[in-house]
Each structure stands twice: as structure tokens, then as C-alpha cells.
Amino acid sequence: MWDFAEMSSDEVASLRARYEPLTQSIRELIDAALHVDADNQVVDQAKAQIDAAAELLRAHPASTRQGMALTPEGESIPWDNLGNGIRNPLAPPLVVEHTGPTSARIDVELGAAYEGPPGHVHGGYCALVLDQILGEVASRGSIETVAATGTISLRYLRPTKLGRLHVEAEIQRTEGRKIFITGHIADEDGTTVTAEGLFIVLRQ
Ligand SMILES: CCCCCCCCCCCC(=O)SCCNC(=O)CCNC(=O)[C@H](O)C(C)(C)COP(=O)(O)OP(=O)(O)OC[C@H]1O[C@@H](n2cnc3c(N)ncnc32)[C@H](O)[C@@H]1OP(=O)(O)O
């Protein structure tokens, strides 16, 4: 059983290398299931193999679950959480690139699993992506200054096409523990959703 509080960055990297491909395979499985058009025999065979894989994994349960963990070196590990958990295939595959102390960007591809309106990203997932990047920028990459969403307001300018998306966020101003921050999502035709958030740095 892992204990992140005792782990070096190398050990974390090794765990990441073990589980990230599993998460990606499950995402690909979901995508395949959303595109399949096969007969009973094929579907039954696939189901049996998936059930067998689930049984294999369940035979090796973790003694605890971790949404977000922290190593002694101060590295935060998004482990099981829905925003960007390494082990959570329901999390969009977000990699936040900090472009400065008060800003960040994400380039991500969202496919059929994230569909709401036909051919477009579900508005709730747009909200999740924006909440995640705003939260990470507001937290300034440090566990000392982790900030929670107090208020977030979204404006859906037009539907967001499935496919390659670009996301940005930037802190506008700070008042004590209150961080005022904006962001947006763009698809290949430009900005589709804008966000304004008030994030509050948690009391330690
Ligand atoms: C490396 C790691 C990376 C970590 C990266 C992490 C990324 C996380 C991204 C996901 C983010 C989420 O989804 S977080 C999950 C969704 N959010 C939540 O569950 C938060 C639930 N709410 C709470 O826990 C609490 O209400 C807080 C923490 C938001 C605030 O409580 P508090 O700390 O007691 O705040 P309090 O002293 O009352 O108020 C401080 C000031 O903020 C104002 N204020 C308080 N709440 C609000 C509010 N909801 N909206 C507006 N303003 C508010 C007050 O008026 C006051 O202003 P003044 O009088 O000083 O002017």
C-alpha cells in the first residue's frame, strides 16, 4: 500500500507510470463502447473480458483511497479526484501548464465521452474544466494556499465543439484570502465559454 507522505518524487513517478496507462486504457474502452456497432457475440465477449478485468482489479483492493495527496517534497498528486485524477478515467485528461505565477493554460482533446448537445461538449464538463483550472491557478500550485470555489459564473457564448480545446485562466486581483480570477475555453473557432470566479484560500 502506498503512503504518499513517505514517498520520494521517483517513487511517485513510478506509481504514476503504473496507473496512468490503465486510466488511459479505460478512457479508450469508453470511447470504443460509444462507437461500437457489433453483434451479440462480440458485445458479450467484450463484456466478459471487461468483467474479468474488473474482478482482477477488485482482488487487489487499496486499503485507503486518496483524492489528492502530498509528498514530503511538497509535490501534490491528483490521485483519484474527478478534476484531474491520474487514476480516474472520468476525469478529463487535463494537464495544467502554469504560464506564470498568476496564469495557466490547458490544451486538451475531449471526444465522444464528453458529449452533451450533439457534437458538442456537455456544459457541465465545460464548467468542470474551468473550475479546475481556475482552482489550480488560484491555489498558485501550493498546498499552503489551496483555494476553494466560493462563486463561479459561466457564460456560454456558443456550443463548444468536441475535439481540441484550449483553456486559459488568470488571476485579476486578490483581496486577502479572496482571489478574483477569470478564464475561458476556446474550440477551433474561438472562445465558447467564459468564467469569472471568486476563490477563497482555505484557512490552514
Ligand atoms: C498544489 C495544490 C493544488 C490544488 C488544486 C486544487 C484545485 C481545486 C479545483 C476544484 C475546486 C473545487 O471544486 S472546490 C469544491 C467546491 N467548493 C466548495 O466546496 C467550497 C465550500 N465552501 C467552503 O468550504 C467555505 O464556504 C469557503 C472555504 C469557500 C469559505 O469559508 P471561510 O474560509 O469560512 O470564509 P469566510 O471567513 O466566511 O469568508 C472569507 C471572505 O470570503 C467571502 N466569502 C465566503 N464564502 C463566499 C462565497 N461562497 N462566495 C463569495 N464570497 C464568499 C466572505 O464574505 C468573506 O469576505 P470578506 O468579509 O473578507 O470581504
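Residues numbered from 1 in each chain as written. Predicted model: local features only at pLDDT ≥ 70, side-chain atom pairs only at ≥ 80, totals over all residues.

## Section: the domain arrangement of the protein
Taken domain by domain, the protein holds domain 1 (1-87) and domain 2 (92-201). Computed over C-alpha atoms only, the centres of domain 1 and domain 2 are separated by 24 Å. Every contact between the two is made by nine residues of domain 1 and, on the other side, seven residues of domain 2. With four residues, the single largest contributor to the side of domain 1 that touches domain 2 is helix 1 (residues 9-35). Classifying every residue of the side of domain 1 that touches domain 2 gives three nonpolar, five polar and one charged. (Domains from an automatic or database assignment. Contact = placed C-beta atoms within 7 Å. Helix = DSSP H or I, 4+ residues; strand = E, 2+ residues; numbered from the N terminus. Nonpolar A, V, L, I, M, F, W, Y, C, P; charged D, E, K, R; others polar.)

## What to know about the environment of G124
With respect to the helices and strands, the residue G124 is situated in helix 3 (residues 123-138). Using a count of 10 C-beta atoms within 10 Å as the deciding quantity, one classes G124 as exposed. Along the backbone, G124 and Y114 are 10 residues apart, and their C-alpha atoms lie at a distance of 9.3 Å. (Buried ≥ 20, exposed ≤ 12 C-beta atoms within 10 Å, placed from the backbone.)

## Observations regarding the confidence of the model for the protein
The predicted model of the protein has a mean per-residue pLDDT of 93, with 100% of residues at 70 or higher. Scored as a complex, the prediction yields pTM 0.94 and ipTM 0.95. (pLDDT = per-residue confidence, 0-100.)

## Concerning helix 3
Between its first and last C-alpha, helix 3 extends 22 Å over 16 residues, near the 22 Å set by a 1.5 Å rise per residue. Where helix 3 is concerned, the buried positions are C126, V129, L130, Q132, I133, L134, G135, E136, V137 and A138. On the buried face of helix 3, the contacting elements are strand 4 (103-110), strand 5 (147-156), strand 6 (163-175), strand 7 (178-187) and strand 8 (190-201). (Expected span 1.5 Å × (residues − 1).)

## Points about the site of the ligand
Residues in close proximity to the ligand total 22 residues, the closest being S76, G135, A148, G150 and T151. Put simply, the parts of the chain that give the shell around the ligand at least two residues each are helix 3, strand 5 and strand 8. Looking at the shell around the ligand, its residues break down into six nonpolar, 11 polar and five charged. (Near = placed C-beta within 6 Å.)

## Examining the sheet that holds strand 5
One open sheet accounts for six strands, arranged 3-4-6-7-8-5; its pairing is antiparallel. Where the open sheet ends on each side, the last strands, each with one partner, are strand 3 (97-100) and strand 5. Ignoring strand direction, the axes of neighbouring strands in this sheet form an average angle of 25 degrees. Strand direction decides the pairing type here: strand 4 and strand 6, joined by eight bridges, are antiparallel. When the sheet's bridge partners are listed, V108 is paired in strand 6 with L165. The sheet contacts of helix 3 involve strand 4, strand 5, strand 6, strand 7 and strand 8, and relative to strand 7 the element is tilted by about 135 degrees. (Pairing = 2+ DSSP bridges. Axes fitted to C-alpha atoms, helices over the stretch in contact; angles between N-to-C directions.)

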